Amino acid sequence: MHRDLIGAWNKRCYFAGRAAIETALRPYDLGSVQWYVLFHLVHSGPMMQRDLVRFLQVERATLSGIIASLLAKGLITQAQDKTDQRQKRLRLTRAGKKLWTTLPDLSFIRTLAFDGIDDADLATAVRVLQTATEQLEAYSKKGTMK
């Protein structure tokens, strides 16, 4: 029975967390993936657009739309890489840096979700989801059933 429910609850928790992020960012006209792009640029500095596809685990076309939106808002710049002209390098603009300093700290969502839950229970949940994720990723890489 628990095997049938864990995936459903994991998905519901993910969507509830994402909805909380969207609610917190709505006054700033940002979506959650836009926030993640800014987060990576703030913490890692300028980076290649292709690297964000891997970090964010989104489709290239999806990221292109998000990048277009952030460009239109003047929060990032996009330029051809000097060493590989086919690649695009992203960086925060002054407006993007300024906006970042005004955004709410989203760690309250983690507190809201997990406050009052025993640390041992959280450790078990992390271990179970990590193992399940690793097994699914290994299957996807192999492309065959066990």
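Residues numbered from 1 in each chain as written. Predicted model: local features only at pLDDT ≥ 70, side-chain atom pairs only at ≥ 80, totals over all residues. Heavy atoms only, no water.

If you look the chain up in an unreviewed UniProt entry, it shows as MarR family transcriptional regulator from Hyphomonas hirschiana VP5.

Soluble globular proteins tend to pack their nonpolar side chains together in the buried interior. In this structure, Leu30, Val37, Leu38, Leu70 and Ile76 are the most contacted members of the largest nonpolar core, which totals 26 residues. Contributing elements (two or more residues each) for this core: α1 (2–25), α2 (32–44), α3 (49–56), α4 (60–72), β3 (88–92) and α5 (94–102). Considering every element that reaches this core, the biggest residue donor is α2, with five residues. Among residues more than four places away in sequence, those in contact with Leu30 are Glu22, Leu25, Leu38, Leu70, Lys73, Leu75, Leu99 and Leu103. (Core = buried A, V, L, I, M, F, W, Y, C linked by side-chain atoms within 4.5 Å. Buried < 20%, exposed > 50% of the residue type's maximum accessible area, 1.4 Å probe, protein only. Helix = DSSP H or I, 4+ residues; strand = E, 2+ residues; numbered from the N terminus. Contact = heavy atoms within 4.5 Å.)

Turning to the layout of surface pockets, a few remarks are in order. Considered as a void within the structure, the largest pocket measures approximately 1,600 Å³ in volume. Residue assignment for the lining of the largest pocket shows that the elements contributing at least two residues are α1, α2, α3, α6 (107–114) and α7 (119–142). Among the elements that make up the lining of the largest pocket, the one with the highest residue count is α1 (12 residues). Of the residues in the lining of the largest pocket, the class split is 25 nonpolar, 10 polar and four charged. (1 Å grid on protein atoms, 1.4 Å probe; cavity = no way out; pocket = protein on both sides within 12 Å on 5 of 7 lines; lining within 4 Å. Points joined across faces, edges and corners; volume = space filled by probe spheres on them. Nonpolar A, V, L, I, M, F, W, Y, C, P; charged D, E, K, R; others polar.)

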